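Structural overview for review
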Amino acid sequence: MTTELLVGGRIYTPTSTTATAIAVENGLISWIGEDRAARALHPDAQVTDLDGAFLAPAFVDPHVHLTATGLALIAPDLAGGRDAVRAAVAAAPGRTVIARGWDDTTWERPLQRTDLDENRVIYAARVDEHSAQASTALRGLVPGLADLDGFSPDGPLTGTAHHAVRAAALASLTDAQITAAQNGALDAAAAAGIAAVHECGGPDIAGERDFALLGALTHGVRVRRYWGEAARDADDARAIIYRTGADGLGGDLFVDGSLGSRTALLHAPYADAPSSGVEYLDQETVTAHVLACTRARIQAGFHAIGDAAVARVVDAFAAAVDDFGGPRVASCGHRIEHAEMVTPDQAAKLGDWGVHASMQPRFDDLWGGSDGMYSRRLGTERAATLNDFALLAKNAVPLAFSSDSPVTPLDPWATLRAAVHHRTPGSAVSPRAAFAAATRGAWRAGGVRDGIAGTLVPGAPATYAVWDADELVVRAPSDAVQRWSTDPRAGVAPLPDLAPGARLPRCLRTVVDGRTVFAA
């Protein structure tokens, strides 16, 4: 058995603030300490000099869409503005084009059907992936499209109409194209220091073919697959798991849509439109799904962004607690994805019931603030309540931070920076809490509750990333001031500086269970 001894680094571990060396045997961490003792205790080890690099638990991204992410890496980026869309699409090869990234919040009008080449199959997703424009040729592939909810003859498609054109566009791809996209996304994850991802699939996302191809894929990055299909009862839940091979029945099981596309379900209308969003699942269906999964001991979850959607999910969990008791519900580790509009009372209940909140800090970074998209859609007062990480943490709601890639990039340190520097005062969390939510919290949200996953301690899996990082710092939060220190006597393991403008770490190596899956 060969031991790899990594020395000369800065090790992020709860056992020491001065560790510089770590030993790995048979995929497990066997020892952590300082260089001199490391070499004395492991004289025959294979030695790797970290040369001052920062070594920490690898990240987990608990909400991704791998095929869409892989396609986005090579697809036209439509963020350049409406006038640039035609040129971007024209430069793409092939008859079928899947593109994304347009954002009408700063345009005079949304993307129109007539902005796209009518003879090519073009699916152009809005930046939030909850509405899209479709070319004339793509619309022609969907019989009865004009009769579906969310249809517009020239404007963007939402709701059922959007799901239908997305399915038609993906159906035009070959198995090889889908597998290549999934591999490309996982390669990108590994290069970002991510050891595991949670795929959020479903009949309204990319379909069963895509989900099955991902299940057959072999890659060093671990994949947990969630399938977003509502179950009627426990037998139905078990049958769906058997049919799809899913690890859980959640992820993007849509209760509503998104704020940017005005499809998030709200109690009160949008500030810039008369509607209150889109209802994908009624209360009866949401409750039945939670009861079914709890009875079958299957992890359940929902996509819920608007306050009315979140209320519907919380009420369903309450019904399960009434039927089965809080401990049984907590043992299932149910999830709520996004959870952008949560009240203090709801946060207290979710914490009591052990419901995981899988959230995306970069949503606030991109769309928060008094002049952001949230304020335009909801008004400043309602917008200020969104993505309140501090509220959830204070109520012991287990947090897991993710990207929702390709909506935001696979960039964990940028995600942490956004969580630490929330645009609304009082809604941020500390760097340590943010890092835990993107490592230990994300493992737990995926059902790994061994107490050591996502940490570097003897006996834990050797799943870590090595980073080229500048000076490490410790932040001690205070009501009056934020203090930064590099003094090990602080007793807190330091992390890279996440201040705005500071250089974020660059991944040098990603290791999963002792096996290198990325090396710069």
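Residues numbered from 1 in each chain as written. Predicted model: local features only at pLDDT ≥ 70, side-chain atom pairs only at ≥ 80, totals over all residues. Heavy atoms only, no water.

Description of the overall build of the protein chain
When you go through the protein chain residue by residue, the secondary structure sums to 19 helices and 22 strands. Against the globule reference of 24 Å for 520 residues, the protein chain gives a C-alpha radius of gyration of 23 Å, in line with a compact fold. Overall size of the protein chain, expressed as C-alpha extent along the three principal axes, is 75 × 55 × 50 Å. Within the protein chain, the fraction of its 520 residues that count as buried is 57%. Here the protein chain holds 45 positive side-chain charges and 61 negative ones, and the gap between their average locations is 2 Å. (Helix = DSSP H or I, 4+ residues; strand = E, 2+ residues; numbered from the N terminus. Rg over C-alpha atoms; globule rule 2.2 N^0.38 Å. Buried < 20%, exposed > 50% of the residue type's maximum accessible area, 1.4 Å probe, protein only. Lys, Arg positive; Asp, Glu negative; His and termini not counted. Charge placed at Lys NZ, Arg CZ, Asp CG, Glu CD.)

Some details on empty space enclosed by the protein
As enumerated under the stated definition, the model contains 4 cavities of 30 Å³ or more in all. Counted as a void, the largest cavity has a volume near 350 Å³. Taken together, 28 residues form the lining of the largest cavity, with His65, Ala68, Glu129, Arg166 and Pro406 sitting closest to its centre. Elements represented by at least two residues in the lining of the largest cavity include exactly α2 (66-74), β8 (96-102), β9 (121-126) and α5 (159-171). When the residues that make up the lining of the largest cavity are grouped by side-chain class, the tally is 15 nonpolar, 5 polar and 8 charged. Structurally, the lining of the largest cavity is a two-domain feature, drawing no fewer than three residues from each of domain 2 (95-172) and domain 3 (228-446). Considered as a void within the structure, the second largest cavity measures approximately 110 Å³ in volume. For the second largest cavity, the lining is made up of 15 residues, of which Asp128, Ser258, Ile305, Phe363 and Trp367 are closest to its centre. When residues of the lining of the second largest cavity are traced back to their parent elements, those giving at least two are α13 (361-367) and α14 (373-378). When grouped by side-chain class, the residues that make up the lining of the second largest cavity number 7 nonpolar, 5 polar and 3 charged. (1 Å grid on protein atoms, 1.4 Å probe; cavity = no way out; pocket = protein on both sides within 12 Å on 5 of 7 lines; lining within 4 Å. Points joined across faces, edges and corners; volume = space filled by probe spheres on them. Nonpolar A, V, L, I, M, F, W, Y, C, P; charged D, E, K, R; others polar. Domains from an automatic or database assignment.)

Observations concerning the environment of Pro62
Within the secondary structure, Pro62 sits in strand β7 (residues 59-64). A relative accessible area of 0% means that Pro62 is categorised as buried. Between the C-alpha atoms of Pro62 and Ala400, which are 338 residues apart in sequence, the distance is 6.9 Å. Pro62 has contacts with His198, Cys200, Arg335, Glu337, Ser358, Ala400, Phe401, Ser402 and Ala442, leaving out every residue within four places of it along the chain. (Contact = heavy atoms within 4.5 Å.)

Let's talk about the sheet that holds β9
The strand order β8-β9-β10 describes an open sheet built from 3 strands, whose pairing is mixed. Since the sheet does not close on itself, it has two edges, and those belong to β8 and β10 (132-134), each with one partner. Strand-to-strand twist in this sheet, taken as the mean axis angle between neighbours without regard to direction, amounts to 15 degrees. Packing of α5 onto the sheet brings it into contact with β8, β9 and β10, and relative to β9 it is tilted by some 130 degrees. (Pairing = 2+ DSSP bridges. Axes fitted to C-alpha atoms, helices over the stretch in contact; angles between N-to-C directions.)

As for the pattern of salt bridges
Counted by the stated rule, this structure contains 21 salt bridges. Here Arg100 and Glu129 are joined by a salt bridge, their closest N and O atoms 2.6 Å apart. Of this pair, Arg100 sits in strand β8 while Glu129 sits in the loop between β9 and β10, and the two are 29 residues apart along the sequence. Since its relative accessible area comes to 15%, Arg100 is described here as buried. (Salt bridge = Lys/Arg side-chain N within 4 Å of Asp/Glu carboxyl O.)

Brief notes about the sheet that holds strand β22 (residues 515-519)
Picture the strands of a sheet paired through backbone hydrogen bonds; they go either parallel or antiparallel. Overall, mixed pairing links the 5 strands, which are arranged β2-β6-β17-β21-β22 in an open sheet. Here the strands that pair on one side only, and so sit at the sheet edges, are β2 (10-11) and β22.

Thoughts on the nonpolar core
Phe54, Phe401 and Trp413 are the most contacted members of the largest nonpolar core, which totals 70 residues. It is helix α10 (residues 307-324) that provides the largest number of residues to this core, a total of 9 residues. Among residues more than four places away in sequence, those in contact with Phe401 are Val60, Pro62, Met359, Pro361, Phe389, Thr415, Ala419, Val429, Ala434, Ala437 and Ala438. The next biggest cluster of nonpolar side chains, apart from the first, holds 22 residues, and it includes Val121, Val142, Ala164 and Ala181. (Core = buried A, V, L, I, M, F, W, Y, C linked by side-chain atoms within 4.5 Å.)

What to know about the domain arrangement of the protein chain
Split into domains, the protein chain comes out as domain 1 (3-57 + 456-519), domain 2 (95-172) and domain 3 (228-446). Each of domain 2 and domain 3 has a C-alpha centre, and these two points are 26 Å apart. Each partner contributes residues to the interface: domain 2 has 14 residues there, and domain 3 has 14 residues. Here domain 2 packs against domain 3, burying approximately 1,100 Å² in sum over the two surfaces, 56% of which is carbon and sulfur. In this structure, the connection of domain 2 to domain 3 is made through 0 salt bridges. Where domain 2 touches domain 3, the interface holds 5 residue pairs in polar contact (both at pLDDT 80 or more). Here the side of domain 2 that touches domain 3 gets 3 residues from one element, more than from any other, and that element is α5. Taken together, the residues of the side of domain 2 that touches domain 3 break down into 1 nonpolar, 6 polar and 7 charged. (Buried area = accessible area lost by both parts, 1.4 Å probe. Polar contact = N/O pair within 3.5 Å; in protein donor to acceptor, adjacent residues only side chain to side chain.)

Topic: the pairing of strand β6 (residues 54-57)
In the sheet, β2 pairs with β6 via 2 bridges, with the strands oriented parallel. The partner of Arg10 across the bridge, within β6, is Phe54. In terms of strand pairing, β6 meets strand β17 (residues 464-468) through 4 bridges, oriented antiparallel. Residue Pro57 lies in a different strand from β17, and its bridge partner there is Tyr464.

Remarks on the packing of α2 against helix α6 (residues 175-191)
The geometry of a pair of packed helices is captured by two quantities: the angle between their axes and the separation between those axes. α6 packs onto α2 with a crossing angle of 85 degrees between their chain directions and a minimal axis gap of 7 Å. By the angle between their directions, the pair α2 and α6 is classed as roughly perpendicular. Counted together, Leu66, Thr67, Thr69, Gly70, Leu71 and Leu73 of α2 and Ile178, Ala181, Gln182, Gly184, Ala185, Leu186 and Ala188 of α6 form the full contact between these two elements. Class assignment of the residues belonging to the contact of α2 with α6 gives a composition of 8 nonpolar, 5 polar and no charged. (Parallel < 35°, antiparallel > 145°, perpendicular 65-115°, else oblique.)

Focus on the side chain of Arg377
With respect to the element layout, Arg377 can be found in helix α14. Within the local environment of Arg377, its side chain forms a polar contact with the side chain of Asp272, the two groups lying 2.8 Å apart. Beyond its immediate stretch of four places on either side in the chain, Arg377 contacts Asp104, Thr105, Arg126, Leu259, Gly260, Arg262, Tyr270, Ala271, Asp272 and Arg382.

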